[in-house]
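# Fold and geometry: a report
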Amino acid sequence: MAVHSTPESPLPVGEVSRLIGGWIDRLGAVWVEGQITQLSRRPGAGVVFLTLRDPSYDISVSVTCYRQVFDAVADVVGEGARVVVQAKPEWYAPRGQLSLRAAEIKPVGVGELLARLEQLKKTLAREGLFAPERKKPLPFLPQLVGLVCGRASAAERDVLENARHRWPAVRFEVRNVPVQGVHAVPQVVQAVKELDARDDVDVIVVARGGGSVEDLLPFSDEQLVRAVAACRTPVVSAIGHEPDNPLLDHVADLRASTPTDAAKKVVPDVGEEYERVRQLRDRARRCVAAYVDREERGLAHALARPSIQDPHRMIDERAEQVAALLGRGRRSLRHQLDRADSELTHTHARVVALSPAATLKRGYAVLQRADGHAVRDPGEVEPGETLRARVSEGDFSVRVDA
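Counting of residues starts from 1 at the beginning of each chain's written sequence and follows it residue by residue. The predicted origin of the model limits local features to residues at a pLDDT of at least 70 and limits the giving and counting of side-chain atom pairs to 80 or more, whereas totals for whole chains, interfaces and linings rest on all residues. Here the side-chain values reflect all heavy atoms present in the structure, with hydrogen atoms and water set aside.

### Comments concerning the environment of H183
- Within the secondary structure, H183 sits in the loop between β7 (171–176) and α5 (184–197).
- Exposure categories follow from relative accessible area, calculated using a 1.4 Å probe and restricted to protein chains: below 20% of the type maximum is buried, above 50% is exposed, and the middle band is partly exposed. What makes H183 exposed here is its relative accessible area of 52%.
- On a C-alpha basis, the gap between H183 and V288 in space is 61 Å, while along the polypeptide they are 105 residues apart. Where helices and strands are cited, they refer to DSSP runs of H or I of at least four residues and of E of at least two residues respectively, numbered from the N terminus.

Set out below in structure tokens:
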């Protein structure tokens, strides 16, 4: 309803703002579709601010919602996402700003599918199916490669041609299955299990060309993911193009960005391996040559040493030292013997000079009583007692006179 006003009686700003708020209030809650261009989630804040833009027109509107409303879709909704929002228009009178208060946010189209896939991804991750320690290494040179792909598909051609170009001797066991539609998941699972059961299959490649999100949904199926996780044979995922990221990429032992990339990662390039062998052979030759040269220099240095050139020189020098020590020992021993002989002679002379026999030879005699004791004092004998007189040349008896 129009409001009457004139230049002479204009409406105050507050009145106009109040009227606008009243008109907007009458609109009630509406569902709005748009693209998120700005998103603000302040830590600890209870309100989330975002800007919703019309992709067809350069028109945008501010949206606010409680944090729990946005957290319900936070894993699949971000800047650039298209969403459907149930919101009530609100007019902030003090600043004259229009915004929408969102009560519910839903992803548009495939967003709902992606939300379910994201939830499944989290569940499988919690079970440990995507853990890096579960990944099995690929063999360096597989003799037989299992390939699961669509019949006469570009993915099959890319894998076979590129792999045989890199390594002509490689062999393939191909299982052609539907790669989209209702029959895709059970047949892909069956093919993977059949190849995994064969002992001669060294690695399994699951390949498919690009497509829409809906086309690639079979390769995010929980049944297929669990079947691949249970495989004892290494599995390579080669689904779609680089941006595509089905759940099979997370559970596989190796993710290839394209089927062509899978061929490059599964088998080595024969030309590169020939070149690597040549480089290693040249390196080995250089190492052996350097080792031989080093040992030759060491041998020449050893042969140049005096002990090798004249091995008897050391013996001769030691022989002279032994002879000198032997002579010195003999001289020392002779000197010791001479000195001992001289000391013995002097001692013998002293002993002889001090012996009783030498005294007797000088004319002395020793008187002994009958019991053998020598007489040293005249008072020790009695008159008429017979004594024994010992002289140098013998002995005789004597009688004591009064």
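### Details of unusual backbone geometry
- One non-glycine residue with positive phi stands out, namely A152, at about 50°.
- Within the secondary structure layout, A152 lies in the loop between β6 (144–149) and α4 (154–166).
- Taking the relative accessible area as the measure of exposure, A152 reaches 71% and is therefore exposed.

### A short note on the side chain of T64
- Along the polypeptide, T64 turns up in strand β3 (residues 59–66).
- By the convention used here, residues are in contact when the closest approach between their heavy atoms is within 4.5 Å. Ignoring any residue separated from it by four or fewer positions in sequence, one finds T64 in contact with V47, V48, F49, L100, R101 and A102.

### Details of the sheet that holds strand β9 (residues 235–239)
- The criterion for strand pairing is that DSSP finds at least two bridges linking the strands in question. Strand order in the open sheet made by the 5 strands is β7-β6-β8-β9-β10, with parallel pairing throughout. Here the strands that pair on one side only, and so sit at the sheet edges, are β7 and β10 (254–255).
- Here β6 pairs with strand β8 (residues 203–208) via 4 bridges, running parallel. Its bridge partner being in β8, V145 is matched across the sheet by V203.
- All axes here are fitted lines through C-alpha atoms, helices being fitted over the stretch that makes contact, and every angle between N-to-C directions spans 0 to 180 degrees. Strands in contact with helix α8 (residues 259–266) are β6, β8, β9 and β10; relative to β8, the strand with the most contacts, it is inclined by about 165°.

### So, the environment of E272
- One can find E272 in helix α9 (residues 270–303).
- Note on E272: relative accessible area 45%, which makes it partly exposed.
- For the pair E272 and D221, spaced 51 residues apart in the sequence, the C-alpha separation amounts to 38 Å.

### So, the packing of α4 against α8
- For the pair α4 and α8, interaxial distance at closest approach is 8 Å and the crossing angle is 30°. Taken together, the axis directions place α4 and α8 in an arrangement best described as roughly parallel. Two packed elements cross with a definite hand, and for α4 against α8 that hand is right-handed. Counting all contacts with α4, which are made through A155, D158, V159, N162, A163 and R166, the residues of α8 involved are P259, T260, A263 and K264.
- When the residues that make up the contact of α4 with α8 are grouped by side-chain class, the tally is 5 nonpolar, 2 polar and 3 charged. Angular relationships are summarised with four words: roughly parallel below 35 degrees, roughly antiparallel beyond 145, roughly perpendicular across 65 to 115, and oblique for the angles in between. Each crossing gets its hand from how the near helix is turned against the far one by less than a right angle, where anticlockwise is left-handed and clockwise is right-handed. Under the scheme applied here, ten amino acids are nonpolar (Ala, Val, Leu, Ile, Met, Phe, Trp, Tyr, Cys and Pro), four are charged (Asp, Glu, Lys and Arg), and all others, including Gly, are polar.

### Examining the state of the cysteines
- We call a pair of cysteine sulfur atoms a disulfide when they lie within 2.5 Å. Counted under the stated rule, the structure contains 0 disulfides.
- Here C149 stays free of any disulfide, with the sulfur of C231 as its closest cysteine sulfur at 16 Å.
- Take C149: its relative accessible area is 0%, and that puts it in the buried class.

### A few points about the confidence of the model for the chain
- One confidence number per residue, pLDDT, is output by the predictor and ranges from 0 to 100. Summary statistics for the chain give a mean pLDDT of 87 and a share of 96% for residues scoring 70 or more.
- Mean pLDDT values over the elements of the chain span from 73, in helix α12 (residues 356–361), up to 95, in β8.

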